[in-house]
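# Observations on chain architecture
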Amino acid sequence: MNAPQGPQLLELARRRPLSPAERAALDAWLARHPEARPADWADELALTRLLAALPPAPLSPRFAENTLAALDRRAAAPAVGRPGVWRRWLAGWQPVWRWAGAVVLLAVALGSWEFLQHRREQARLAESIRVVSALAGDLPDAAALAEFEVVLHLPDGPLPDLEALARALE
Amino acid sequence: MAEPADPDAALMLRVQRGDRRAFEALMTRHAQAVANFLYHSLGDAAEAEDLTQNVFLQVYKSAARYRVTAKFTTWLFTIARNLCLNELRRRARHPAHSLDAPPPEQEEAPARAVPDTRPDGPVDTLLLNELEAKIQEALSDLPETQRTALLLYREQDLSYEDIATVLGCSLTAVKSLIHRGRETLKQRLKPYLRTGEWSPADPQL
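## Notes on the overall build of chain B
- Along chain B, the regular secondary structure elements total nine helices and zero strands.
- Secondary structure elements of chain B occur, N-terminal to C-terminal, as α-α-α-α-α-α-α-α-α.
- Counting all 205 residues of chain B, 44% fall into the buried class.

## Description of empty space enclosed by the protein
- One pass over the structure, following the stated rule, counts two cavities of 30 Å³ or more.
- Size it by volume and the second largest cavity reaches roughly 40 Å³.
- Lining the second largest cavity are R14(A), R15(A), T48(A), L51(A), A52(A), L150(B), Y153(B), R154(B) and R182(B).
- Residue assignment for the lining of the second largest cavity shows that the elements contributing at least two residues are α1 (6-15) and α3 (41-52) of chain A together with α6 (144-154) of chain B.

## Quick word on the packing of aromatic side chains
- For the structure on display, the rule yields eight aromatic pairs over all chains.
- Pairing F37(B) with F77(B) gives two aromatic rings, centres 5.8 Å apart and planes at 85°, and the pair type is edge-to-face. Placement of F37(B) in helix α2 (residues 20-42) and of F77(B) in helix α4 (residues 72-93) is noted, with a sequence separation of 40 residues between them. The pair formed by F37(B) and F77(B) is uniform in burial state, with each residue classed as buried.
- Every member of this aromatic cluster is reached through a ring pair, and the members are F63(A), F23(B), F56(B) and Y60(B).
- For K175(B), the ring lying beneath its charged end belongs to Y160(B), and the centroid distance is 5.1 Å.

## Considering the nonpolar core
- M12(B), L185(B) and L189(B) are the most contacted members of the largest nonpolar core, which totals 67 residues.
- Leave out the neighbours within four places in its chain, and L189(B) touches L47(A), L50(A), K134(B), I135(B) and A138(B).

## Describing the interface of chain A and chain B
- Taken together, the contacts link 37 residues of chain A with 47 residues of chain B.
- The largest contributions to the chain A side of the interface with chain B come from R15(A), L50(A) and L54(A), which together make up 18% of the buried area.
- Our count for the contact surface shared by chain A and chain B stands at five salt bridges.
- As a salt-bridge pair, K186(B) and E44(A) come within 2.6 Å of each other at their nearest N and O atoms.
- At the boundary of chain A and chain B, one finds 16 residue pairs in polar contact (both at pLDDT 80 or more).

## Here we look at the packing of α6(B) against helix α7 (residues 160-167) of chain B
Residues and elements named next belong to chain B.
- Running from N to C, α6 and α7 cross one another at 145°; their axes reach a closest spacing of 10 Å. Here the hand of the crossing between α6 and α7 comes out right-handed. Taken together, the residues of α7 that come into contact with α6 (itself represented by T145, T148, A149, L152 and Y153) are Y160, I163, V166 and L167.
- A per-class count over the contact of α6 with α7 returns seven nonpolar, two polar and no charged.

## A closer look at the pattern of salt bridges
- Using the criterion set out here, one finds 23 salt bridges over all chains in the structure.
- Here D43(A) makes a salt bridge to K190(B), at a shortest N to O gap of 3.9 Å. One end of the pair, D43(A), is in helix α3; the other, K190(B), is in helix α9 (residues 190-195), on a second chain.
- In this structure, the salt-bridge partner of E121(A) is R124(A), at a minimum N-O distance of 2.6 Å. In this pair, E121(A) and R124(A) both sit in helix α6 (residues 95-135), three residues apart, roughly one turn of the helix.
- Owing to a relative accessible area of 44%, E121(A) belongs among the partly exposed residues under this scheme.
- If you follow the salt bridges from partner to partner, you end up with R14(A), D40(A), E44(A), R182(B), E183(B) and K186(B) in one network.

## Here's the deal with the confidence of the model for chain A
- Mean pLDDT over chain A: 84, with 86% of residues reaching 70 or higher.
- For chain A, the element scoring lowest by mean pLDDT is helix α5 (residues 85-91) of chain A, at 70; helix α2 (residues 20-32) of chain A scores highest, at 92.

## Focus on the confidence of the model for chain B
Residues and elements named next belong to chain B.
- Averaged over every residue, the pLDDT of chain B is 83; the share at 70 or more is 79%.
- Scored below 50 in pLDDT, residues 104-116 shows twelve contacts in the model against residues more than four places distant or in partner chains.
- Long-range and interchain partners of residues 196-205, a stretch whose pLDDT sits below 50, account for 21 contacts in this model, where long-range means more than four residues apart.
- We note a pTM of 0.66 for the whole complex and an ipTM of 0.77 for its interfaces.

Rules behind the numbers
Residues numbered from 1 in each chain as written. Chains lettered and ligands numbered in written order. Predicted model: local features only at pLDDT ≥ 70, side-chain atom pairs only at ≥ 80, totals over all residues. Heavy atoms only, no water. Helix = DSSP H or I, 4+ residues; strand = E, 2+ residues; numbered from the N terminus. Buried < 20%, exposed > 50% of the residue type's maximum accessible area, 1.4 Å probe, protein only. 1 Å grid on protein atoms, 1.4 Å probe; cavity = no way out; pocket = protein on both sides within 12 Å on 5 of 7 lines; lining within 4 Å. Points joined across faces, edges and corners; volume = space filled by probe spheres on them. Phe/Tyr/Trp six-rings, centres within 6.5 Å; stacked < 30°, edge-to-face > 60°. Lys NZ or Arg CZ within 6 Å of the ring centre and 35° of its normal. Core = buried A, V, L, I, M, F, W, Y, C linked by side-chain atoms within 4.5 Å. Contact = heavy atoms within 4.5 Å. Buried area = accessible area lost by both parts, 1.4 Å probe. Salt bridge = Lys/Arg side-chain N within 4 Å of Asp/Glu carboxyl O. Polar contact = N/O pair within 3.5 Å; in protein donor to acceptor, adjacent residues only side chain to side chain. Axes fitted to C-alpha atoms, helices over the stretch in contact; angles between N-to-C directions. Left-handed = near helix turned anticlockwise from the far one by under 90°. Nonpolar A, V, L, I, M, F, W, Y, C, P; charged D, E, K, R; others polar. pLDDT = per-residue confidence, 0-100.

Below you can see the structure in the form of structure tokens.
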């Protein structure tokens, strides 16, 4: 692999302190390209060193051992709250297949619901016809309904006294 | 199936088959980097170790979901960042004072005495501890995305693209986050950058 060139070294100097050889190469490159030297270059380098010198996290020497023990404890714990067999099986699927499966399941569920609704509607209609058929004998003759609109639009209020009306007509 | 060229991916394939030695090898390779990230994000060593353990338990639990096409460290740090965010949210919901916290009269002292193995005198050690505390404080005050971008940027293994994947943002956004984070740190730590208080331990400065 080629050694990093000027711009890469500039970039690298912000990421980690440079080795003496890298530093010398960068200084030489900056001497040839003074326009590329950042205004606060000394601060940039100092900040990189400060960040790189931050102490590492103190980690127990038994970290791996403790983690494996925690893994065993979890495995031995009752299955409450742990993913079931089907979830682990599902986890092995590619996300795209999981989405496809979810879409198919949704389509099947919607189709089934639609079908059941249709069946329920048919059953309700059949029941209505049966009830109407049973009542058909009590219904008035169709001719009696000929003046239905007129009767419907009669004004509200007390009905006329038919006897008084008959006497008046006499 | 051919073993992938990336050693981490090869180890993960073995973990998927339930190989605990491979899992142990992954921990050996990456636990320190994850712990560093969490330690400098949270500023608490004990919490960082607990969370690091949770990160690896999550890795083992989710091994079946890992695809070789994804870079392992990107996947690992995404899990670490998510757990870290959960912890920060939990802290925001339930702010609590640690029983281990120093009494108010000692608040100026570093939050935690990090064991120092450097062969410096007590004065140098004090200076270093103070400086470390100042840097940690400045880091903690950064917005989470800037801090995460900067801490991941320290990881030699992670490219800008990897950091963008972990943060779920664009490459340009990552560069901008790192730039802004560094600018803020330079302002906050200016006295230390200028006076060279780090110089006893770091003759380069």
